[in-house]
2 protein chains.
Amino acid sequence: MISGFGQLLFALFGPLSISRSALFGIFLTVLLNNSYTVLALKSPFLPRHGGSLGSTAKDSVIKYKTLYFDQKIDHFGFHQDGTFKQRYLVNDEHWYKDGGPILFYTGNEGDITWFCNNTGFMWDVAEELKAMLVFAEHRYYGESLPFGKDSYRDPKHLNYLSSEQALADFAVLIKYLKRTVSGCQFSPVIAIGGSYGGMLSAWMRMKYPNVVVGALSASAPIWQFPDMVPCGDFYKIVTQDFTRSGLNCAANIRQSWKSIDNISVTEEGLRWLSSQFTLCSPLKKTDVSDFKAWLQETWVNLAMVDYPYEANFLQPLPRWPVQVVCTFLRFDPKTVSDHLMLVGISDAVRVYYNYTGNVPCLNLSSTATGSLGYIGWYYQACTEMVMPMCTDGVQDMFEPQEWNFQAFSDECLALFGVRPRADWANTVYGGLDIASHSNIVFSNGGLDPWSGGGVTRNISDSVVAIVIPDGAHHLDLRYNNEYDPQSVLSARAQEVEYFKLWIQQAKRKG
Amino acid sequence: MISGFGQLLFALFGPLSISRSALFGIFLTVLLNNSYTVLALKSPFLPRHGGSLGSTAKDSVIKYKTLYFDQKIDHFGFHQDGTFKQRYLVNDEHWYKDGGPILFYTGNEGDITWFCNNTGFMWDVAEELKAMLVFAEHRYYGESLPFGKDSYRDPKHLNYLSSEQALADFAVLIKYLKRTVSGCQFSPVIAIGGSYGGMLSAWMRMKYPNVVVGALSASAPIWQFPDMVPCGDFYKIVTQDFTRSGLNCAANIRQSWKSIDNISVTEEGLRWLSSQFTLCSPLKKTDVSDFKAWLQETWVNLAMVDYPYEANFLQPLPRWPVQVVCTFLRFDPKTVSDHLMLVGISDAVRVYYNYTGNVPCLNLSSTATGSLGYIGWYYQACTEMVMPMCTDGVQDMFEPQEWNFQAFSDECLALFGVRPRADWANTVYGGLDIASHSNIVFSNGGLDPWSGGGVTRNISDSVVAIVIPDGAHHLDLRYNNEYDPQSVLSARAQEVEYFKLWIQQAKRKG
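Here's what I pulled together on the structure shown here.

Reading guide: rules and limits
- Residues numbered from 1 in each chain as written.
- Chains lettered and ligands numbered in written order.
- Predicted model: local features only at pLDDT ≥ 70, side-chain atom pairs only at ≥ 80, totals over all residues.
- Heavy atoms only, no water.
- Contact = heavy atoms within 4.5 Å.
- Buried area = accessible area lost by both parts, 1.4 Å probe.
- Salt bridge = Lys/Arg side-chain N within 4 Å of Asp/Glu carboxyl O.
- Helix = DSSP H or I, 4+ residues; strand = E, 2+ residues; numbered from the N terminus.
- Nonpolar A, V, L, I, M, F, W, Y, C, P; charged D, E, K, R; others polar.
- Axes fitted to C-alpha atoms, helices over the stretch in contact; angles between N-to-C directions.
- Parallel < 35°, antiparallel > 145°, perpendicular 65-115°, else oblique.
- Buried < 20%, exposed > 50% of the residue type's maximum accessible area, 1.4 Å probe, protein only.
- Pairing = 2+ DSSP bridges.
- Expected span 1.5 Å × (residues − 1).
- Arc of directions from axis to C-beta.
- Polar contact = N/O pair within 3.5 Å; in protein donor to acceptor, adjacent residues only side chain to side chain.

## Topic: the interface of chain B and chain A
The interface is formed by 43 residues belonging to chain B together with 43 residues belonging to chain A. Between chain B and chain A, the buried area comes to about 3,600 Å², and carbon and sulfur atoms account for 54% of it. Area buried by chain B at its contact with chain A is led by B:Phe76, B:Phe78 and B:Arg421, which between them contribute 24% of it. With a closest N to O distance of 2.9 Å, A:Asp81 and B:Arg421 form a salt bridge. Listing elements by their share of the side of chain B that touches chain A, those giving two or more residues are helix H4 (155-158), helix H5 (163-180), helix H6 (196-207) and helix H15 (424-429) of chain B. Looking at the side of chain B that touches chain A element by element, the count peaks at six residues for H5(B). For the side of chain B that touches chain A, the per-class residue count stands at 14 nonpolar, 14 polar and 15 charged.

## Focus on the packing of helix H7 (residues 233-244) of chain A against helix H10 (residues 288-304) of chain A
Residue and element names in this part refer to chain A. At a minimum axis separation of 9 Å, H7 and H10 run at an interaxial angle of 75°. With respect to each other, H7 and H10 are oriented roughly perpendicular. Across the interface between the two elements, Phe234, Tyr235, Val238, Asp241 and Phe242 of H7 pack against Gln296, Trp299, Val300, Leu302 and Ala303 of H10. Partitioning the contact of H7 with H10 into residue classes produces eight nonpolar, one polar and one charged.

## Remarks on the environment of B:Pro318
Residue and element names in this part refer to chain B. Take proline 318: it is sitting in the loop between strand S11 (316-317) and helix H11 (321-326). You can call proline 318 buried: its relative accessible area is 7%. On a C-alpha basis, the gap between proline 318 and methionine 304 in space is 14 Å, while along the polypeptide they are 14 residues apart. Setting aside anything within four residues of it in sequence, one finds proline 318 in contact with Tyr309, Glu310, Val324, Val351 and Tyr355.

## Re the sheet that holds strand S13 (residues 463-468) of chain A
Residues and elements named next belong to chain A. Taken in spatial order, the eight strands of this open sheet run S4-S5-S7-S6-S8-S9-S12-S13, and their pairing is mixed. Only two strands of the sheet have a single neighbouring strand rather than two, namely strand S4 (65-72) and S13. For this sheet, the mean inter-axis angle between neighbouring strands, taken without regard to orientation, is 20°. Direction of pairing for strand S6 (residues 102-106) relative to strand S8 (residues 189-194): parallel, over a ladder of four bridges.

## Notes on helix H14 (residues 405-416) of chain B
Residues and elements named next belong to chain B. For H14, with twelve residues, the first-to-last C-alpha span of 16 Å sits near the 16 Å given by 1.5 Å per residue. Looking only at H14, the buried set comprises Phe408, Ser409, Glu411, Cys412, Leu415 and Phe416. Looking straight down H14, one finds its buried side chains confined to an arc of 160°; they lie on one side. Measuring from the side-chain oxygen of the N-cap residue of H14 to the backbone nitrogen of glutamine 406 gives 3.2 Å; that N-cap residue is asparagine 404.

Structure (structure tokens):
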């Protein structure tokens with residue numbers, strides 16, 4: 001499905017090629033209408049570099065029914081009255097069939113089976129809560145394509161890709177389940193999601209409190225929007241992770257950009273870099289900014305998945321991968337040569353890209369067509385999900401780059417024919433002012449760069465924050481693991497207690 | 001403006017002619033694509049029979065600035081990125097210019113100046129609250145036309161007429177005012193509206209609690225949707241008003257339909273009816289159902305505006321107009337002849353249509369092109385605002401008519417090219433389950449038929465109901481009047497106390 005769709009995008013948008021430069025992380029250069037445009041887009045959630053879709057369940061193979069629901073393409077207008085098949089996955093083996101709760105995963109920007117497989121927490125607690133599990137796919141991702149193969153054809157077909165439409169999908173689907181599934185009518189529904197899916201679960205409770213009794217919003221940067229948090233926090237947290245994971249580690253990465261500049265001025269240097277990093281394609285002078293952006297993204301991804309055990313979320317990785325990376329970066333940045341610096345860097349990135357030892361070469365441009373999710377998310381970032389990021393090279397280990405909304409907007413117009421609306425998310429989802437809502441748990445990991453845009457303090461008695469100091473990106477949503485730190489075990493226990501409280505409240509009311 | 005637009009609609013939709021029959025009140029027959037279709041649409045709020053747009057301020061002429069804001073045509077999609085001029089009216093003569101509150105009227109389905117002039121309550125309390133008054137026009141009404149003259153051209157242009165878009169307009173406008181008007185940044189905003197505008201004010205607080213600190217939702221039938229309240233309540237309340245307003249009054253109206261049937265079988269009878277009712281056009285056999293629907297609507301409108309003083313809301317009327325009407329309907333329904341019955345009915349309706357004595361003849365079809373609001377509201381009723389109504393002739397004084405959603409839906413398709421979504425309002429606005437919200441006052445008048453779909457019991461400490469037993473349609477929103485019953489004075493006082501409470505809460509938080 002994904003790869004076929006990638007080919008389709010290729011055919012529709014023209015040849016995609018990654019050409020990163022140094023705005024603030026990730027750039028996507030797309031040959032569109034025969035002109036190159038640079039798109040500055042941080043993809044916050046989906047892996048750009050592969051990422052297995054296989055099950056990550058520990059011991060057992062998880063089982064679910066795959067179902068489809070006819071959703072309206074447009075919930076907010078009536079001219080377009082068509083429907084599409086929204087995929088959702090259901091497991092009810094532990095469900096108490098007379099009003100037992102429903103744990104409802106509000107799908108992110110990708111194939112729902114992947115999120116289903118990577119949200120072991122729901123599988124772990126289903127029996128205790130006698131809960132039905134539902135994983136609902138987000139429109140425009142996976143198989144839930146409003147216009148089938150044409151969904152990404154042009155701005156007209158992309159028009160119904162928005163968080164508001166996705167939330168309405170979830171609400172309508174839940175109402176449908178309550179109406180049609182025997183025993184469901186009085187089932188309290190709890191929204192659960194991680195990352196963008198966590199933003200959706202929180203917003204679901206905010207916008208549809210009649211449909212879900214509460215929400216667990218894990219590692220959800222609902223404040224990573226303009227004028228809510230400093231744009232530099234994200235990369236500061238990445239840097240802190242590397243700082244605490246090994247002597248000189250962040251300092252060397254901060255220094256490495258200069259080493260790349262020094263080495264890459266000569267053809268010989270470029271050849272050496274290509275060889276030392278075992279790149280699949282020789283590095284050209286014009287690729288250097290892409291090369292840096294690729295490295296920058298690697299450090300970001302490592303921080304996101306700095307889990308305490310071997311895992312395969314974005315890549316197969318050892319336990320505490322940032323610590324492993326940092327073992328290659330212990331030298332003194334003041335005295336190390338450019339070459340030795342980059343030998344260390346190359347060894348370090350290989351932890352991320354070649355932990356299995358089976359990868360013959362590293363590919364800077366392998367990600368753009370790798371997953372449908374990217375293009376969809378880029379469109380969302382180019383419309384509602386405007387998430388400013390910046391670096392200063394002082395509080396973080398990256399080359400300084402300001403946030404430039406106008407340039408970003410121009411790139412979005414060139415790529416998708418739309419302009420982002422910087423203020424909309426703040427208006428529609430409440431910004432910092434969310435105190436009037438209820439029954440939302442925001443969980444965040446201290447190691448997770450996205451925690452910078454997350455809710456990490458209690459807002460009220462029932463809009464609460466759980467911080468997992470040694471947790472990376474939504475560690476709490478993953479399966480229990482023997483190497484889990486106490487903090488995540490405690491977080492999960494609290495989360496379950498909140499679920500029980502909300503279920504009790506609903507039963508009392510009902 | 002209005003009349004020009006009426007002509008435009010005429011040109012676009014073809015000749016409009018009212019042809020009422022007896023489904024449940026008001027029917028609109030429209031010659032569309034050369035075929036007649038009957039549309040069963042209850043227009044809940046706007047007058048169909050004229051209605052002065054002139055000021056109804058008691059002593060003083062109210063003053064406001066007329067301003068325009070560039071609103072996005074589509075808040076929920078990015079392909080249509082155009083803007084239109086949304087009109088809004090501002091008075092800040094009493095405003096405390098450093099954080100004083102804003103009373104924000106969430107405009108209904110009509111010209112905002114008319115609502116501004118008929119919401120004297122806001123003008124009466126502005127000084128005490130040191131409040132700025134803002135009256136925001138609802139898109140597609142008055143001057144706030146997303147596509148100018150083409151706004152009603154076809155389903156494509158009508159696509160952005162929805163309550164969700166209107167709420168987003170209000171939210172974006174308020175954010176804009178806070179950002180740009182000096183002293184506004186920390187001004188608590190209270191949403192106020194009556195009727196459909198009251199539904200919007202309540203929904204505004206539910207969906208945008210970050211934008212408004214509370215809402216007064218006056219005479220707002222937020223539960224007049226499928227499966228929330230019995231479909232017969234509306235007409236039951238109309239009937240109760242007539243029952244209590246005079247001996248035999250409702251019984252005679254209930255009997256009158258049969259008298260019309262009896263008289264109208266002959267050509268002579270039709271001529272007599274035309275003469276007795278001083279109709280502008282002679283009644284034909286095929287007009288009889290329209291004639292009955294016109295009468296039915298007259299009784300409904302009288303119940304809605306049964307105010308305790310002379311007023312000119314829908315029509316110039318005496319105080320307690322239903323009592324005046326009932327003075328003509330005191331005879332014994334068991335013994336009265338059909339002719340005497342209808343003499344009484346004709347005198348009764350003349351109270352409504354010719355209180356001034358200046359109306360030369362009564363026009364059954366004068367309303368359809370009289371106001372832009374109707375077509376817009378019919379479209380809304382044909383999409384989101386599905387409000388079931390029915391009569392049984394036993395608990396009410398009308399001819400029995402069941403609610404028939406399928407027929408209604410077919411009519412909507414024929415007229416507008418859209419089908420209503422019966423369940424959507426319940427899903428998106430919470431239905432009966434609104435207890436998790438806060439800071440909403442629902443006020444309802446006991447005489448108002450729309451109170452049947454309103455919130456008339458306290459839902460929680462901060463979602464509360466105020467009932468005004470001898471109040472008609474949003475009497476509390478009108479200017480103070482010497483004839484006001486104690487119940488409405490008390491209601492207004494409570495409403496102001498809630499405003500003060502919400503303002504205090506906001507100041508403490510801010």
